[in-house]
Number of protein chains: 2
Amino acid sequence: MTQNIYDNPEFFAGYSRLDRSVEGLDGAAEWPALRAMLPDLRDVAVLDLGCGFGWFCVWARANGASRVLGLDVSDNMLARARSATEDKAISYVMADLEEFDLPAAAFGLAYSSLALHYIENLDRLLDTVRGALVPGGDLVFSVEHPIYTAPTKPGWVTDSEGRHTWPVDGYLVEGPRRTDWLTKGVVKRHRTIGHYVNALLRHGFAISHVEEWGPDQAQIAARPEWAVERHRPMFLLVSARRVDTSPVAS
Amino acid sequence: MTQNIYDNPEFFAGYSRLDRSVEGLDGAAEWPALRAMLPDLRDVAVLDLGCGFGWFCVWARANGASRVLGLDVSDNMLARARSATEDKAISYVMADLEEFDLPAAAFGLAYSSLALHYIENLDRLLDTVRGALVPGGDLVFSVEHPIYTAPTKPGWVTDSEGRHTWPVDGYLVEGPRRTDWLTKGVVKRHRTIGHYVNALLRHGFAISHVEEWGPDQAQIAARPEWAVERHRPMFLLVSARRVDTSPVAS
């Protein structure tokens, strides 16, 4: 089973104070870029993998989704998500994303924000998600960027000339990374971009868009302290589509 | 026009001494990975963008290609390529990859090794290549990896604990990078992986495979000094296919 760090009291308390927890989707700097990758949600059944407090589930319903299923491993987060809505078309279900099952061809969109880098068995998850999507359905997700997850000791270093640099090591050495973020010993899975892309292709998806995210100029104008984030991408955003016909012209 | 660094005498002399120039394809550590991404070449017309000394053109013919067109901006390289073969089915033509034109639907494979990171107008090139491929034809190419091209001052740094790191800055700042490699002032174009992928998608390609290349364990066993190359990928290898039908099931 995946490490359920979100139900660690120290982690949960810290996570609950982040902008993205207090302000919801608009508190997440990468949300406008991720939102731009979403299909039209009107009358679409939506799956949210790692739904947390349910902000996206509520947003999807407000934007026309016919129903939304939010899955999360954290009791604490699901309890708060359930308390925040009485919408009968939103269901929150506790699930370990290493082991869950889903009905076939039930969703038009599978969405996941910053959850898949906790998952060890990505192949199983993609196989499950593909089967749960209708043909032509989309998977849109964000993860921490591999430049961000790779280093043994992640962090900025200012060199002798005052340049901010992000020293990378171990980029091609995939596997677990233990970091201290909000609490000690958070385990994330480092994978290359190529790994994500090729896994999607292997599981019957076509790639629709890949974005290595950093703040744009308008965001930096509003938050000048974010300028350093242009030096290395923090997030990787990917959209892919379930394909059932050969993409090759005959 | 693209900087033609290959006809700079100092650069050409240095380049001519590299393993990949002396030994051909087998002198290029990434060749086995790139070769594995190629389609069956039997009776396929092949285009090589930035053919250099023509090693790949000759290899393609030996592996069944019906004819091969090698394009390069360097007089010196083409002269040597021409002198190395009398095969009438191989043509070497001088061309600036910023400005060339090609017949429509004439090739089954377009190949390019370590040339596209010199090109400023990638969109024009992809548009030209797509038109020159038959429907279902493949584009397989390598470029320097953006982690490799991004830094203002590329190079390894050993930290206080003896770790080899590759300090990254400017990853999201795309554009020219002036470096000293074989001679001074070589200009390469830094682009993110997302940029390459999205440009391909926009120009009517489907992504087939993305590999962030470093030496494998067998290569490191043979050349232990390459172990450091696992810390950051040196090359990006991509294959894509010209699509003419919607990849979405109806």
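Located above this text is the structure these notes cover.
Rules behind the numbers
- For every chain, the first residue of the written sequence is number 1, and numbering continues from 1 along that sequence.
- Just so you know, chain letters begin at A and ligand numbers begin at 1, following the order they were written in.
- Thresholds applied to this predicted model are a pLDDT of at least 70 for local features of residues and 80 or more for the giving and counting of side-chain atom pairs; totals over whole chains, interfaces and linings are not thresholded and use all residues.
- Side-chain figures throughout are based on the complete set of non-hydrogen atoms in the structure, without hydrogens or water.
- Strands are runs of DSSP state E lasting at least 2 residues, helices are runs of H or I lasting at least 4, and numbering of each runs from the N terminus.
- For the radius of gyration, the atoms used are the C-alpha atoms, and the globule rule reads 2.2 Å times the number of residues raised to 0.38.
- The contact definition used throughout considers only heavy atoms, calling two residues in contact when any of these lie within 4.5 Å.
- In short, Shrake-Rupley with a 1.4 Å probe defines the accessible areas, and a residue's cover is counted only from the protein chains shown.
- In this tally Asp and Glu are treated as negative and Lys and Arg as positive; neither His nor the chain ends contributes.
- One atom stands in for each charge, and that atom is NZ of Lys, CZ of Arg, CG of Asp or CD of Glu.
- A simple way to read buried area is as the amount of 1.4 Å-probe accessible surface that goes missing from two parts once joined, with both sides added.
- Should a side-chain nitrogen of Lys or Arg be within 4 Å of a carboxyl oxygen of Asp or Glu, the pair is scored as a salt bridge.
- Two N or O atoms count as a polar contact when they lie within 3.5 Å, although within protein this holds only if one can serve as hydrogen donor and the other as acceptor, and sequence-adjacent residues are included solely when both atoms are side-chain atoms.
- The nonpolar class holds Ala, Val, Leu, Ile, Met, Phe, Trp, Tyr, Cys and Pro. Asp, Glu, Lys and Arg form the charged class, and all remaining residues, Gly among them, are polar.
- Least-squares fitting of one copy onto the other uses the C-alpha atoms of those residues that reach a pLDDT of at least 70 in both copies.
- The pairing criterion is simple: DSSP has to find at least two bridges between the two strands.
- Interaxial angles span 0 to 180 degrees and are taken between N-to-C directions of axes, which are lines fitted to C-alpha atoms, for helices over the stretch in contact.
- Here's how the labels work: a residue is buried when its accessible area is under 20% of the maximum for its type, exposed when over 50%, partly exposed in between, all with a 1.4 Å probe on protein chains only.
- Consider the strands pointing away from the viewer: the crossover is right-handed when the path from the first strand over the helix to the second runs clockwise.

## What to know about the overall build of chain A
Inference 1: Broken down by element type, chain A carries nine helices and eleven strands.
Inference 2: Expected size for 250 residues packed as a compact globule is a radius of gyration near 18 Å; at 18 Å, chain A falls within 12% of this value.
Inference 3: Taking the principal axes of the C-alpha coordinates as reference, chain A spans close to 55 × 50 × 40 Å.
Inference 4: Here the contacts in chain A between residues at least 6 apart in sequence split such that 66% fall between residues at least 24 apart.
Inference 5: Summing over all exposed atoms, chain A offers an accessible surface of approximately 10400 Å²; the carbon and sulfur share of this is 51%.
Inference 6: Chain A carries 25 positive and 33 negative side-chain charges, and their two centres are separated by 1 Å.

## Some remarks on the interface of chain B and chain A
Inference 1: Taken together, the contacts link 43 residues of chain B with 43 residues of chain A.
Inference 2: Approximately 3500 Å² of surface area, both sides summed, lies buried where chain B meets chain A, with 58% of it carried by carbon and sulfur atoms.
Inference 3: Across the chain B-chain A interface, the total number found is four salt bridges.
Inference 4: With a closest N to O distance of 3.4 Å, R163(A) and D169(B) form a salt bridge.
Inference 5: Applying the counting rule to chain B against chain A returns 22 residue pairs in polar contact (both at pLDDT 80 or more).
Inference 6: Mapped by element, the contributors of at least two residues to the side of chain B that touches chain A are β5 (133–144), β7 (164–168), α8 (193–202) and β10 (205–213) of chain B.
Inference 7: Sorting elements by how many residues they give to the side of chain B that touches chain A places β10(B) first, with six residues.
Inference 8: Grouping the amino acids of the side of chain B that touches chain A by side-chain chemistry returns 19 nonpolar, 14 polar and ten charged.

## Things to note about the relation of the copies chain B and chain A
Inference 1: Once chain B is rotated about the relating axis by 180° and shifted along it by 0.0 Å, it coincides with chain A to within an RMSD of 0.0 Å. Seen this way, the second copy is the image of the first under a two-fold rotation axis. Ranked by how close their C-alpha atoms come to the rotation axis, the residues of chain B are headed by P167(B), at 1.9 Å.
Inference 2: Looking at chain B, 100% of its interface residues are interface residues in chain A too, so the copies touch through the same face.

## Considerations on the pattern of salt bridges
Inference 1: Scanning the model with the defined rule gives 34 salt bridges over all chains in all.
Inference 2: Among the salt bridges present, the one from R189(B) reaches E120(B), with a minimum N-O distance of 3.8 Å. In this pair, R189(B) sits in strand β9 (residues 183–190) while E120(B) sits in the loop between β4 (107–113) and α6 (122–132), placing the two residues 69 residues apart along the sequence.
Inference 3: In the salt-bridge network here, residues are joined through shared partners; they are D19(A), R223(A) and E225(A).

## A look at the sheet that holds strand β7 (residues 164–168) of chain A
Inference 1: Reading across from one edge, β6(A)-β7(A)-β7(B)-β6(B) is the order of the four strands in this open sheet, with antiparallel pairing throughout. Two strands close off the open sheet at either side, each with one partner strand: β6 (157–158) of chain A together with β6 (157–158) of chain B.
Inference 2: For β6(A) and β7(A), the ladder comprises two bridges, and the chain directions are antiparallel. Across the sheet, residue V157(A) finds its bridge partner in β7(A), namely T165(A).

## Thoughts on the sheet that holds strand β2 (residues 67–72) of chain B
All names here are of chain B.
Inference 1: Across the sheet, which stays open at both edges, the seven strands sit in the order β3-β2-β1-β4-β5-β11-β10 with mixed pairing between neighbours. On the outer flanks of this sheet lie β3 (90–94) and β10, each paired with one strand and no other. In this sheet, neighbouring strand axes are inclined to one another by 15° on average, regardless of whether the strands run parallel or antiparallel.
Inference 2: Sheet strands touched by helix α5 (residues 75–83): β2 and β3. Its angle to β3, the strand with the most contacts, is close to 165°.

## What about unusual backbone geometry?
Inference 1: We note that L114(A) has phi near 55°; this positive angle belongs to a residue other than glycine.
Inference 2: When you line up the elements, L114(A) lands in the loop between β4 (107–113) and α6 (122–132).
Inference 3: Note on L114(A): relative accessible area 14%, which makes it buried.
Inference 4: Phi at L182(B) is positive, roughly 75°, even though this residue is not glycine.
Inference 5: In this structure, L182(B) sits in the loop between β8 (175–181) and β9.

## Quick look at the pairing of β4(B)
The side chains of a regular strand alternate between the sheet's two faces.
Residues and elements named next belong to chain B.
Inference 1: Counting buried positions along β4 gives six out of seven residues, so the element sits mostly inside the fold.
Inference 2: As judged from the six bridges shared by β4 and β5, these two strands associate in the parallel manner. Across the sheet, residue Y111 finds its bridge partner in β5, namely V140.
Inference 3: In terms of handedness, the path from β4 via α6 over to β5 forms a crossover that is right-handed.

## Quick look at helix α1 (residues 9–16) of chain B
Inference 1: Listing the buried residues of α1(B) in full gives F11(B), F12(B), G14(B), Y15(B) and S16(B).
Inference 2: Those residues of α1(B) that are buried are in contact with α2 (19–22), α5, β8 and β9 of chain B.

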